[in-house]
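Structure assessment
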Amino acid sequence: QQETARLHMQEALQIWRELNDLGGISSALANLGTIANNLEDFETAKIYLTEALTLSREIGREHAVAICLNNLGMIARRQGDLAAARTSLESSLTS
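Here's what I pulled together on the structure shown here. Nothing here was measured: the structure is a model prediction, and the numbers come from that model. (Residues numbered from 1 in each chain as written. Predicted model: local features only at pLDDT ≥ 70, side-chain atom pairs only at ≥ 80, totals over all residues. Heavy atoms only, no water.)

**A word on the overall build of the protein chain**
How we decide: Under the DSSP-based scheme used, a helix requires at least four consecutive residues in state H or I and a strand at least two consecutive residues in state E, with every element numbered from the N terminus. Our radius of gyration looks at C-alpha atoms and nothing else; its globule reference is 2.2 Å times the residue count to the power 0.38. We call two residues in contact whenever any of their non-hydrogen atoms come within 4.5 Å of each other. Only the protein chains shown count as cover for residues, and the accessible areas themselves come from Shrake-Rupley with a 1.4 Å probe. Positive: Lys, Arg. Negative: Asp, Glu. His and the chain ends are not part of the count. To locate a charge, take NZ of a lysine, CZ of an arginine, CG of an aspartate or CD of a glutamate.
Counting secondary structure elements, the protein chain contains five helices and zero strands. For the protein chain, the N- to C-terminal ordering of α and β elements is α-α-α-α-α. Computed over its C-alpha atoms, the radius of gyration of the protein chain comes to 13 Å, within 12% of the 12 Å expected for a compact globule of 95 residues. Dimensions of the protein chain along its principal axes, counting C-alpha atoms only, are 40 × 30 × 15 Å. Here the analysis covers contacts within the protein chain between residues at least 6 apart in sequence; of these, 43% occur between residues at least 24 apart. Taken as a whole, the protein chain presents about 5,700 Å² of accessible surface, with 53% of it coming from carbon and sulfur. The averaged location of the 12 negative side-chain charges in the protein chain is 6 Å from the averaged location of its 8 positive side-chain charges.

**Here's the deal with the environment of A83**
Structurally, A83 can be placed in helix α5 (residues 82–93). Remark: the alpha-carbon pair of A83 and G73, spanning ten residues in sequence, is separated by 9.3 Å.

**What about the pattern of salt bridges?**
Going by this rule: When a carboxyl oxygen of Asp or Glu lies within 4 Å of a side-chain nitrogen of Lys or Arg, that pair is called a salt bridge. Type-normalised accessible area, obtained with a 1.4 Å probe on protein chains alone, sets the label of each residue: buried when under 20%, exposed when over 50%, and partly exposed for intermediate values.
All chains considered together, the criterion is met by five salt bridges. For R6, the salt bridge identified is with E3, shortest N-O distance 2.1 Å. Of this pair, R6 and E3 both sit in helix α1 (residues 2–19), three residues apart, roughly one helical turn. For the salt bridge of K46 with E43, the shortest nitrogen-to-oxygen distance reads 3.2 Å. Here K46 pairs with E43, and both are found in helix α3 (residues 42–59), just three residues apart, close to one helical turn. With relative accessibility at 26%, the residue K46 sits in the partly exposed group.

**With respect to helix α2 (residues 22–38)**
Our working definition: To estimate the expected span of a helix, subtract one from its residue number and multiply by 1.5 Å.
Between the first and last C-alpha of α2 there are 24 Å, a value that for 17 residues agrees with the 24 Å anticipated at 1.5 Å per step. Those residues of α2 lying buried are G24, I25, S26, A28, L29, A30, L32, G33, I35, A36 and N37. Among the structural elements, α1, α3 and α4 (62–78) are those in contact with the buried residues of α2. Phi for E40, located one or two positions after α2, is positive at around 60°.

**Re the packing of α3 against α4**
Heads up, the condition is: Axes here refer to lines fitted to C-alpha atoms; in helices the fit is confined to the stretch in contact. Angles between the N-to-C directions go from 0 to 180 degrees. Angular relationships are summarised with four words: roughly parallel below 35 degrees, roughly antiparallel beyond 145, roughly perpendicular across 65 to 115, and oblique for the angles in between. Helix crossings are classified by the rotation of the near helix relative to the far one: an anticlockwise turn of less than a right angle makes the crossing left-handed, while a clockwise turn makes it right-handed.
One can describe the packing of α3 onto α4 by two numbers: an axis separation of 9 Å at closest approach and a directional angle of 155°. By the angle between their directions, the pair α3 and α4 is classed as roughly antiparallel. α3 and α4 meet at a crossing whose hand is left-handed. Together, F42, A45, K46, L49, T50, A52, L53, S56 and R57 of α3 and A64, V65, C68, L69, N71, L72, I75 and R78 of α4 make up the contact between the two elements.

Dropping the structure here:
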C-alpha cells in the first residue's frame, strides 16, 4: 500500500508543480516524506521533508512547518541522532 501511495503522491506532486501551486507542492512533498519514512527510507524522507519545510516557510504555512520539523525530529530519533531530534522537535513547538 505504501508503494501505491508513493506512486499516486508523485503524480500529485507533478500536477501541483505544473499548476505552480506552492501549497499543493509543499503538501505533496511532506506526504512523500512521510511515505518514505514509513518505508524506512530515511534519507529520501529527509530530502522530501526538508524541501517541504523550506517551501512551507517561504509561503508562511506555519502549521506545515511544525509538522515537517516534528517528522524530521522523529527520523533523527529513529536514526539515533538525539541532538538533531531534540533540536527539530523543540523547533516544531515554537513554529
